[in-house]
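Tertiary structure, described
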Amino acid sequence: MDPSLDTWDFSSPLISLWINRFYIYLGFAFGISLWICFQIVIRKQLFIFQDKNSKDKSVPKATRDLMTNGYISLQKKDILVSGVKIFYGSQTGTAKGFAASLAEAVTSLGLPVAVINLQEYDPDDHLVEEVTSKNVCAFVVATYTDGRPTESAEWFCKWLEEASSDFRFGKTYLKGMRYAVFGLGNSAYANHFNKEEEPFESTSEEESGTEDQQNLNSVVDVEDLGKIMNCVKKEKREKEHQEEKSTLVRNAVKGEASERRAMITPALREALTKQGYQLIGSHSGVKLCRWTKSMLRGRGGCYKHTFYGIESHRCMETTPSLACANKCVFCWRHHTNPVGTEWRWKMDQPEMILKEAIENHQSMIKQFKGVPGVREDRFEEGMMVKHCALSLVGEPIMYPEINRFLKLLHECKISSFLVTNAQFPVEIRNLKPVTQLYVSVDASTKDSLKKIDRPLFKDFWQRFLNSLKALAAKQQRTVYRLTLVKAWNVDELQAYAELVTLGNPDFIEVKGVTYCGESSASSLTMANVPWHEEVVHFVRELVALIPNYEIACEHEHSNCLLIAHTRFKIDGEWWTWIDYNRFQELVQEYEDSGGLANFSAKDYVAKTPLWALFGASERGFDPKDTRYQRKNKSKDISGC
């Protein structure tokens, strides 16, 4: 055997070729291995999020925005969080909605999440468990009336407040708990805006220790939750105001003023339209009262027909301002309308408001043409508006051009019945003559008024008293309107009597509250609605405390009675009705004289018919009409 065959000849061209190829393959394999290792490291350290144009839509838009814009760190952290618990305290559902949106965003990050109503959570039994559970606790809490927590979060906040000063718990009781607090509120409550977040959060920090809040070495920490929540809020706000911004842009192009926004937002428009409103311009509305429909059919009119002789089928219920300074527990509209303490919106002209209000009202009346039971004579009369009830919703006296609006009504020979919530005394003093001016007196003490009307003004009680004093200076017809809410304001007789002395009204309407169904904005139930005989009993006791007043009229159907000053009892007969033609003559003389030819309530009275008087067998039902009994009275919701 040739010895040369047992020895590698590295100088051989063939051997050199094989060696070169070996090193090339080895380098290529090493490069692939290195690339694979690099990819493994990268995939371990980064979250792989799909591009916004990806077909995978499982991640919510709010979360994708956070991830693509760098709000959430892409560096993977050691996961020391077992899950996220989102607690909410909601009154009207806003906080609950934010909690659900936050839960959706957290779920997309791969963590277990639970949404808990604070009303159903017992902190005594369970809150300390969150210290060792490795959960992040997010609290979404709303500030409600007067800077207080919502009813659902009231007990939890009270527990925190008491526990913070209870030596049995100690300052380390919740040490180690990881949490975040998100506050919600209505900016209209300037002095108390988002106030509930402060004691809520400070109490938590005092108990748990802020240093432990920084130990969240997790994919989802408090900071991340905050950014997610802010993005969710931002997306919701942008969606709600998209139409409003478009309007502002259009106005700017047209050269119109765009510094003030419209009162009617897209969400408000949707809510009120569902309730049957015909919206006018940017802050007004008109709605067909059920008593208008009733009288068109010859089924009877409202209590104002019984007490004052209006023709319900010719009455237009409207308002030039959907905004209000109160959030009354018995609000018919369940607080779908905006709130405010001053006019901060763009303003429409009164000529346009009145023109469209009449047109919309007539359009709604036209829908009853040919409807079975509608009387032809009343249909024709209904097309000609004779009365205007400025009591639809909101606070009409807030409208800066309310006096011009009233003047236009009177020029059209339309009477004016204006209702105010007694929070604008200056506007009451400056108000020009109206056919009848109402002030809502929903309670007689500061505490009960705060509880029932839930006013925005901090000095609401003084404003209320000043409004009653301003009413006393009016020459035309004035009315206190008392709404009785059983177990809330029916035991304050002496205080009511003192308020009557303060305002010296011509009339006092006492009406049992109307239950308008369940609402998250109110705790009112059918148990708070007094029976008619209970209202009668209250009125009898009140009259006994106020000299020169007697019970004059009754409208059983509306659960309402009228107390009148004895100056309207002439020669033993009541004259509570109104001579509307005479009023129009007097108000015209007033305008022509520049306000010098003043006139009083007794100058345009008319005699009250016997059937309308208290004690009559008709109980306030006009015998010209036919009483109609609904099969389901629980759905019988009274009008104005």
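Residues numbered from 1 in each chain as written. Predicted model: local features only at pLDDT ≥ 70, side-chain atom pairs only at ≥ 80, totals over all residues. Heavy atoms only, no water.

**A look at the overall build of the chain**
Looking only at helices and strands, the chain features 22 helices and 18 strands. Sorting the 640 residues of the chain into buried and exposed places 51% on the buried side. Summed over its atoms, the accessible surface of the chain is roughly 31100 Å², and 52% of this surface lies on carbon and sulfur atoms. (Helix = DSSP H or I, 4+ residues; strand = E, 2+ residues; numbered from the N terminus. Buried < 20%, exposed > 50% of the residue type's maximum accessible area, 1.4 Å probe, protein only. Areas by Shrake-Rupley, 256 points an atom, 1.4 Å probe, with all protein chains shown as cover.)

**What to know about the sheet that holds strand E7 (residues 315-319)**
Reading across from one edge, E5-E6-E7-E8-E9-E10-E11-E12-E14-E13 is the order of the 10 strands in this open sheet, with mixed pairing throughout. Looking at the sheet topology across the chains shown, the edges are occupied by strand E5 (278-280) and strand E13 (549-555). For this sheet, the mean inter-axis angle between neighbouring strands, taken without regard to orientation, is 25°. Taken together, the three bridges between E5 and strand E6 (residues 284-287) define a ladder with antiparallel strand orientation. The partner of Gln 278 across the bridge, within E6, is Val 286. (Pairing = 2+ DSSP bridges. Axes fitted to C-alpha atoms, helices over the stretch in contact; angles between N-to-C directions.)

**A closer look at the pairing of strand E12 (residues 507-512)**
Of all six residues that make up E12, six are buried, and the element is covered over most of its length. Burial along E12 is two-sided: the residues Phe 507, Glu 509 and Lys 511 and Ile 508, Val 510 and Gly 512 are all buried. Alignment of E12 against strand E14 (residues 560-565), held across five bridges, turns out to be antiparallel. The partner of Val 510 across the bridge, within E14, is Leu 561.

**Side note on the confidence of the model for the chain**
Per-residue confidence for the chain gives a mean pLDDT of 78; residues scoring 70 or more make up 70%. Across residues 66-77 the pLDDT falls below 50, and counting only partners more than four positions away or on other chains, this stretch makes 26 contacts in the model. Here residues 633-639 is a poorly scored stretch, pLDDT under 50, and it has 16 contacts once near neighbours within four places are set aside; other chains count. (pLDDT = per-residue confidence, 0-100. Contact = heavy atoms within 4.5 Å.)

**Overview of the pattern of salt bridges**
Enumeration according to the criterion identifies 18 salt bridges in this entry. Its salt-bridge partner being Lys 355, residue Glu 359 comes within 2.8 Å of it at the nearest N-O pair. Pair noted here: Glu 359 and Lys 355 are both in helix H14 (residues 350-366), with a separation of four residues, about one helical turn. Exposure remark for Glu 359: the relative accessible area of 40% places this residue in the partly exposed category. A salt bridge links Asp 506 to Arg 567; the shortest N-O distance between them is 2.7 Å. Separated by 61 residues along the polypeptide, Asp 506 in the loop between helix H20 (493-503) and E12 and Arg 567 in the loop between E14 and strand E15 (569-570) bring together distant segments of the chain. Here Asp 506 falls in the buried class, since its relative accessible area comes to 6%. (Salt bridge = Lys/Arg side-chain N within 4 Å of Asp/Glu carboxyl O.)

**Focus on the packing of aromatic side chains**
Across all of its chains, the model carries 19 aromatic pairs by this definition. Plain terms: the ring middles of Phe 307 and Tyr 308 are 5.9 Å apart, the flat faces sit at 80° to each other, and that makes the pair edge-to-face. Comparing Phe 307 with Tyr 308 shows no difference in burial state: the two are buried. For the ring pair Trp 577 and Trp 611, a centre distance of 6.2 Å and an interplane angle of 80° mean the geometry is edge-to-face. Of this pair, Trp 577 sits in strand E17 (residues 577-578) while Trp 611 is found in the segment after strand E18 (605-606), placing the two residues 34 residues apart along the sequence. Looking at Trp 577, the relative accessible area reads 17%, which means it is buried. Using a relative accessible area of 11% as the deciding quantity, one classes Trp 611 as buried. Taken together, the ring pairs in this structure connect Tyr 303, Phe 307, Tyr 308, Phe 417, Phe 507, Phe 568 and Tyr 580 into an aromatic cluster. The ring of Trp 291 carries Arg 290 above its face, with NZ or CZ at 4.2 Å from the centroid. Arg 481 extends its terminal NZ or CZ atom over the ring of Tyr 438, reaching a point 5.9 Å from the ring centre. (Phe/Tyr/Trp six-rings, centres within 6.5 Å; stacked < 30°, edge-to-face > 60°. Lys NZ or Arg CZ within 6 Å of the ring centre and 35° of its normal.)

**Observations regarding the sheet that holds strand E2 (residues 113-117)**
Strand order in the open sheet formed by four strands is E2-E1-E3-E4, with parallel pairing between adjacent strands. Of all the strands in the sheet, just E2 and strand E4 (178-184) have a single pairing partner and so form its edges. Each neighbouring strand pair of the sheet contributes to a mean axis angle of 20°, computed without reference to strand direction. Relative to E4, strand E3 (residues 135-142) runs parallel, the two being bridged by seven bridges. Within the sheet, the bridge partner assigned to Phe 139 lies in E4 and is Val 181. Where helix H3 (residues 94-107) meets the sheet, its contacts fall on strand E1 (83-89), E2, E3 and E4, and the angle it forms with E1 comes to roughly 170°.

**Looking at the packing of H14 against helix H16 (residues 402-411)**
Axis separation between H14 and H16 bottoms out at 9 Å; the angle between their running directions is 45°. The orientation of H14 with respect to H16, classified from their angle, is oblique. When you trace H14 past H16, the crossing you get is right-handed. The residues of H16 that touch H14, namely those facing Pro 350, Glu 351, Ile 353 and Leu 354, are Arg 404, Phe 405, Leu 408 and Leu 409. Tallied by class, residues from the contact of H14 with H16 come to six nonpolar, no polar and two charged. (Parallel < 35°, antiparallel > 145°, perpendicular 65-115°, else oblique. Left-handed = near helix turned anticlockwise from the far one by under 90°. Nonpolar A, V, L, I, M, F, W, Y, C, P; charged D, E, K, R; others polar.)

**Some points on the nonpolar core**
By size, the foremost hydrophobic cluster in this structure holds 82 residues, and its most contacted members are Val 441, Phe 464, Tyr 480, Leu 482, Ile 508, Val 510 and Ile 563. At seven residues, helix H19 (residues 460-472) tops the list of elements feeding residues into this core. Excluding residues that lie within four positions of it along the chain, Val 510 makes contacts with Leu 482, Leu 484, Val 535, Phe 538, Val 539, Asn 559, Cys 560, Leu 561 and Ile 563. (Core = buried A, V, L, I, M, F, W, Y, C linked by side-chain atoms within 4.5 Å.)

**Topic: the packing of helix H18 (residues 446-453) against H19**
If you want to describe how two helices pack, look at the angle between their axes and the distance between the axes. Where H18 contacts H19, the axes come no closer than 10 Å and their chain directions differ by 100°. If you check the angle between H18 and H19, you find them roughly perpendicular. Of the residues in H19, those in contact with Lys 446, Leu 449 and Lys 450 of H18 are Phe 460, Trp 461 and Phe 464.

**Points about the environment of Glu 120**
Counting through the fold element by element, Glu 120 comes out in the loop between E2 and helix H4 (123-126). Of the residues examined, Glu 120 reaches a relative accessible area of 68% and is grouped as exposed.

**As for helix H21 (residues 532-543)**
Between its first and last C-alpha atoms H21 spans 17 Å; for 12 residues at 1.5 Å apiece the expected length is 16 Å, and the two agree. Listing the buried residues of H21 in full gives His 532, Val 535, Val 536, Phe 538, Val 539, Leu 542 and Val 543. Seen along its axis, H21 keeps its buried residues to an arc of 165°; they face one direction. Looking at the buried side of H21, the elements it contacts are strand E11 (477-484), H20, E12, E13 and E14. (Expected span 1.5 Å × (residues − 1). Arc of directions from axis to C-beta.)

**Quick word on the pairing of strand E9 (residues 415-420)**
Taking burial as the measure, the six residues of E9 include six buried ones, the bulk of the element. Taking every second residue as pointing to the same face, both faces of E9 are buried, with Ser 415, Phe 417 and Val 419 on one and Ser 416, Leu 418 and Thr 420 on the other. Judged from the four bridges that link them, strand E8 (residues 387-390) and E9 form a sheet pairing that is parallel. Directly across from Ala 389, in E9, lies its bridge partner Phe 417. Each parallel crossover has a hand, and the one from E8 via H16 to E9 is right-handed. Bridge count between E9 and strand E10 (residues 436-440): four bridges; the pairing is parallel. Considered in E10, the bridge of Val 419 is made with Tyr 438. Of the crossover connections in this fold, the one passing from E9 over helix H17 (residues 425-430) to the parallel E10 is right-handed. (Right-handed = clockwise from strand over helix to strand, strands pointing away.)

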